[in-house]
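Listed below, chain by chain, are the residues.
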Amino acid sequence: MSLSFFLFLSLSPLLSISLASSYPYNINYHIDCGSATSTTDPFNTTWLADRYYTGGVTSIVSEPLHFRFPHEKTLRFFPLSSGKKNCYIIPNLPSGRYYIRTFTVYDNYDGKSHSPSFDASVEGTLVFSWRSPWPEDLARDGAYSDLFAFVKDGELDLCFYSFATDPPVIGSLEIQQIDPLSYDAANIGNNNILVNYGRLSCGSNQWGPGFSSDADNFGRSWQSDAAFRSPNTKTSIKSISTRETITNTNQSPNYYPMKLYQTAVVSSGVIEYELAVDAKLDYLLWFHFAEIDSSVTKAGQRVIEIVVNEKNVSEVDIFKAVGRFAAYSWHYVAKNLSSTELRVKLLPVVGAVLISGIENYALVPNDLSTVPEQVIAMRALKESFRVPDRMGWNGDPCAPTNWDAWEGITCRPNKDETALVISQIDLGSQGLKGDISDKISLLSNLVNLNLSSNSLGGPLPSGLGQQSLVQLDLSNNQFTGSIPDSLTSSKLQLVLLNNNLLEGRVPEEIYSIGVHGGAIDLSGNNGLCGGPSLPSCPLLWENGGLSNGGKIAIGLACLVVFCLALLVVYMCCIRRGRNDYDFGLPQDLMSLAAKRNRYQRQKSLMLLEMESQHAKGLPTLPLNPR
């Protein structure tokens, strides 16, 4: 699918109004792309200095005086050095519906007189296509384009994809939160992006945010319908207006401004509009009416037939529906188009035809996006691999599906075709550094992983071997540590780990790959052991640490030592008992000491007496006479 249109051509600024206190949505961003400073325009709108971009270079249009306001004079462009895919990623957005508008301008900023070819996507869905050469007035003046989209993941991605060597460009970006039920979301659903193919105010000039001070809570701008009228009706139409208050305006969920209904075009004949469209899409047509002609005073005085592509789709009696000076709107979805032109006719059934406005939105189906957990994994790998900017790893890894995925990445739909999954990563010889993030375990559909001939290091993650993995080539890197048991997957047919710094015992199961016809190469890892052509592993050492047997042996040894220690303590206690070690109270110790002192004195007296008798020549008496 390719959409190619340019909605607004104007030198006027794009305004974002301050929201009224009654309006419940207050999240809005107004980014001046390419500007280093924030500015405030005459409508009191603050334009933020450039931010939230993934890459690119700033520049200024070649004729700044041709544009009235700063946010139209600066731009950001994305050369190939930034990769083929670059994005603005707006974070921390609550889930809901958002109005997104861009200002795109070339004005020969690079002096090459060559307007670029590129695509733009929102939330992974292609919405705008720019093809060189642009019309001369478009290239010089620029264009505003807008749409409504749902954000579900907390951030809004506006991405650009380069064709050939052309650098995408953007001048400004606006994001406005709106009512999630707007534009009949309950029936239309949240699975479509509403891309503006014409927002027409009948009977007035272009007005609204950025073109006049007239308020629109959604930030919408309204074009004059004159350029879209068929040549058959231009001469028979007249414009009317009123200053009367119009009721039913500025109400949820669409918050249409009163000014839209205070003007109208009237014709006694047919009013016909020719709207350019893409025949491959369906279109949401929104019709606006208000009975502002005071001559109509009752139902049945003005009845209008609405015809879309020659099909009668409705009759409208404004007075019967809402009375006078009250807003009334009605919508219709045009399907199965056969041409690139959508014809809308309003036929008079009773009285003259009157209409206040028409909106025409392409219903662009949301493209498939990558499974959220795999997006998390790929962003983690981007950081851990230190992927260079030139590879353009920005936004969704796989979406839009009509763009190439991230360089080196292959995607496919999941089984029920509701999302995209990563099936292959081929990044051999890309100058990558860093390591492999543990988040790679989230890539549950990965079949082929090639990171060979880079400068990656660190240990191999334990979750590396998914059940889906068939081929793994990590050769010629600097990986360290052991081979994880997860690489014993039964589906692996190719394992190349040669020329790294791996060590430890090789799991026996990994050799079954070669037995079953696959290929395995572990050469060039001096620390590996325990396999064919590899040295034997030490008895108690494995994978850079103790083996399981070593751990058991050390545990048994510790148990034996503990038992011996208990035995020694036990023997010591028995010995103390046999030698009458007394651990009584202090008074017992004192009594025992007194007894021993008396014995020593008696023994000394006996010895003195014996020595005295010996000196007198008396016979020695036995110590223990019987």
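Residues numbered from 1 in each chain as written. Predicted model: local features only at pLDDT ≥ 70, side-chain atom pairs only at ≥ 80, totals over all residues. Heavy atoms only, no water.

An unreviewed UniProt entry annotates the protein as Leucine-rich repeat protein kinase family protein originating from Melia azedarach.

Engineer: Hey, could you run me through the overall build of the protein in this one?
Structural biologist: The secondary structure content of the protein amounts to nine helices and 38 strands. Within the protein, contacts between residues separated by at least 24 positions form 70% of all contacts whose residues are at least 6 apart in sequence. If you sum the accessible surface of the protein, you get close to 29600 Å²; carbon and sulfur atoms cover 52% of it. (Helix = DSSP H or I, 4+ residues; strand = E, 2+ residues; numbered from the N terminus. Contact = heavy atoms within 4.5 Å. Areas by Shrake-Rupley, 256 points an atom, 1.4 Å probe, with all protein chains shown as cover.)

Engineer: Mind showing me how you'd approach the nonpolar core here?
Structural biologist: Taken as a class, soluble globular proteins show a tendency for nonpolar side chains to be buried jointly. Counting residues in hydrophobic clusters, the biggest one holds 101 residues, and the most contacted among them are Leu-173, Tyr-273 and Phe-287. Looking at this core, the element that brings in the most residues is strand β19 (residues 282-290), giving seven residues. Leaving out residues up to four positions away in the same chain, Leu-173 has contacts with Tyr-29, His-30, Ile-31, Cys-33, Trp-47, Tyr-88, Ile-90, Ile-100, Arg-101, Thr-102 and Leu-158. (Core = buried A, V, L, I, M, F, W, Y, C linked by side-chain atoms within 4.5 Å. Buried < 20%, exposed > 50% of the residue type's maximum accessible area, 1.4 Å probe, protein only.)

Engineer: Just to check I follow, could you spell out the side chain of Asn-414 for this structure?
Structural biologist: Among the structural elements, Asn-414 can be located in the loop between β26 (409-413) and β27 (420-426). The class of Asn-414 is buried, set by a relative accessible area of 18%. Separated by 3.1 Å, the side chains of Asn-414 and Asp-416 make a polar contact. Engagement of the side chain of Asn-414 in a polar contact is seen with the backbone nitrogen of Glu-417, the distance being 2.9 Å. In this structure, Asn-414 is in contact with Ala-419 and Val-421, ignoring residues within four places of it in sequence. (Polar contact = N/O pair within 3.5 Å; in protein donor to acceptor, adjacent residues only side chain to side chain.)

Engineer: I keep staring at the sheet that holds strand β17 (residues 263-267) and nothing clicks. Help me out?
Structural biologist: Strand pairing in a sheet relies on backbone hydrogen bonds, with the paired strands running either antiparallel or parallel. Ordered in space as β16-β17-β24, the three strands form an open sheet in which the pairing is antiparallel. Unpaired on one side and paired on the other, β16 (238-241) and β24 (353-355) mark the two borders of the sheet. Each neighbouring strand pair of the sheet contributes to a mean axis angle of 30°, computed without reference to strand direction. Strand direction decides the pairing type here: β16 and β17, joined by four bridges, are antiparallel. When the sheet's bridge partners are listed, Ile-240 is paired in β17 with Ala-264. (Pairing = 2+ DSSP bridges. Axes fitted to C-alpha atoms, helices over the stretch in contact; angles between N-to-C directions.)

Engineer: So what exactly am I meant to see when it comes to a nonpolar patch on the surface here?
Structural biologist: On the surface, Leu-564, Leu-567 and Met-571 cluster together into a nonpolar patch covering about 310 Å² of accessible area. On the accessibility criterion, Met-571 (48% relative accessible area) is partly exposed. (Patch = residues over 30% accessible without salt bridge, like charges linked within 9 Å, V, L, I, M, F, W, Y side chains within 5 Å. Salt bridge = Lys/Arg side-chain N within 4 Å of Asp/Glu carboxyl O.)

Engineer: How should I be thinking about the state of the cysteines in this particular structure?
Structural biologist: Throughout this description, disulfide means a covalent bond between two cysteine sulfur atoms. Within the structure shown, the criterion is met by three disulfides. Here Cys-398 connects covalently by a disulfide to Cys-411, the sulfurs 2.0 Å from one another. Across the disulfide from Cys-398 to Cys-411, rotation about the S-S bond amounts to roughly -75°, and the bridge is consequently left-handed. Taken together, the positions of Cys-398 in the loop between α6 (372-385) and β26 and Cys-411 in strand β26 put the pair 13 residues apart, joining distant regions of the chain. We classify Cys-398 as buried; its relative accessible area is 4%. Put simply, Cys-529 and Cys-537 are joined by a disulfide, and their sulfur atoms are 1.9 Å apart. Note on the Cys-529 and Cys-537 pair: the S-S dihedral is about 100°, so by sign convention the disulfide is right-handed. Like Cys-529, the residue Cys-537 is buried in the burial classification. (Disulfide = S-S within 2.5 Å.)

Engineer: Would you mind going over the environment of Gly-269 with me for this structure?
Structural biologist: Inspection of the secondary structure assignment puts Gly-269 in the loop between β17 and β18 (271-276). Separated by 82 residues in the primary sequence, Gly-269 and Gly-351 place their C-alpha atoms 9.5 Å from one another. When residues no more than four places from it in sequence are discounted, the contact partners of Gly-269 are Leu-346, Pro-348 and Val-353.

Engineer: Mind showing me how you'd approach the sheet that holds strand β8 (residues 118-122) here?
Structural biologist: Pairing is antiparallel across the open sheet formed by four strands, whose spatial order is β6-β11-β8-β9. In this open sheet, the two strands that pair with only one neighbour each are β6 (85-90) and β9 (125-130). Each strand axis lies, on average, 20° off the axis of its neighbour in the sheet, ignoring direction. In the sheet, β6 pairs with strand β11 (residues 156-162) via six bridges, with the strands oriented antiparallel. Bridging across to β11, Cys-87 finds its partner in Cys-159.

Engineer: Looking at this model, I keep getting lost on the pairing of β27. Mind explaining?
Structural biologist: Both faces of the sheet carry side chains from a regular strand, because those side chains alternate between them. A large share of β27 lies buried, amounting to five of its seven residues. Linking β26 back to β27 in an antiparallel pair, the connection comprises six residues, with Glu-417 at a positive phi of about 60°.

Engineer: Hey, could you run me through α6 in this one?
Structural biologist: Because an α-helix packs 3.6 residues into every turn, residues spaced three or four apart end up facing the same way. Relative to the 20 Å expected for 14 residues at 1.5 Å per residue, α6 spans 20 Å between its end C-alpha atoms, a close match to the ideal helical length. For α6, the secondary structure elements touched by its buried residues are β26, β27, β28 (433-434) and β30 (455-459). At the exit of α6 stands Arg-386, carrying a positive phi of roughly 55°. (Expected span 1.5 Å × (residues − 1).)

Engineer: How should I be thinking about unusual backbone geometry in this particular structure?
Structural biologist: As a rule of thumb, non-glycine residues mostly have phi less than zero, and peptide bonds are mostly trans rather than cis. The amide bond that connects Ser-132 to the next residue, Pro-133, takes the cis arrangement and shows omega of 0°. Assignment of secondary structure puts Pro-133 in the loop between β9 and α2 (136-141). In this model, Asn-44 sits at a positive phi of 65°, which is unusual for a non-glycine residue. On the secondary structure map, Asn-44 appears in the loop between β2 (39-40) and β3 (46-49).

Engineer: I'm lost on the pattern of salt bridges in this one. Help?
Structural biologist: Side chains that differ in charge, positive against negative, can pair when their charged atoms come close. Counted according to the given criterion, the structure contains 16 salt bridges. In this structure, the salt-bridge partner of Glu-174 is Arg-101, at a minimum N-O distance of 3.7 Å. Taken together, the residues span a long stretch of sequence, with Glu-174 in strand β13 (residues 172-178) and Arg-101 in strand β7 (residues 96-104) at a distance of 73 residues. Side by side, Glu-174 and Arg-101 carry an identical accessibility label, which is buried.

Engineer: Explain the packing of aromatic side chains to me, please; I cannot follow it from the model alone.
Structural biologist: Going through the model one piece at a time under the given rule, you end up with 31 aromatic pairs. Taken together, the aromatic side chains of Tyr-23, Tyr-25, Tyr-99, Phe-148, Tyr-183, Trp-207, Phe-218, Trp-222, Tyr-255, Tyr-256, Trp-286 and Tyr-361 make up a single cluster linked through ring pairs. Positioned above the aromatic ring of Tyr-161, the side-chain terminus of Lys-84 is 5.4 Å from the ring centre. Against the face of Phe-163 rests Arg-131, its NZ or CZ located 4.3 Å from the ring centre. (Phe/Tyr/Trp six-rings, centres within 6.5 Å; stacked < 30°, edge-to-face > 60°. Lys NZ or Arg CZ within 6 Å of the ring centre and 35° of its normal.)

Engineer: Looking at this structure, how should I read the environment of Ser-339?
Structural biologist: You can see Ser-339 is positioned in the loop between β22 (327-334) and β23 (341-350). Given a relative accessible area of 33%, Ser-339 falls into the partly exposed group. Counting along the chain gives 61 residues from Ser-339 to Asp-278, while the straight-line C-alpha distance between them is 7.7 Å. For Ser-339, the side chain forms a polar contact with the main-chain oxygen of Glu-341, separated by 3.1 Å.

Engineer: Help me understand the confidence of the model for the protein, please; the structure alone is not making it clear to me.
Structural biologist: Low pLDDT marks stretches whose predicted atomic positions should not be read closely. Within the protein, residue pLDDT values average 87, and 84% of them lie at 70 or more. Ignoring residues within four places in sequence, the model shows residues 579-590, a span with pLDDT below 50, making five contacts including any to other chains. Across residues 615-626 the pLDDT falls below 50, and counting only partners more than four positions away or on other chains, this stretch makes six contacts in the model. (pLDDT = per-residue confidence, 0-100.)

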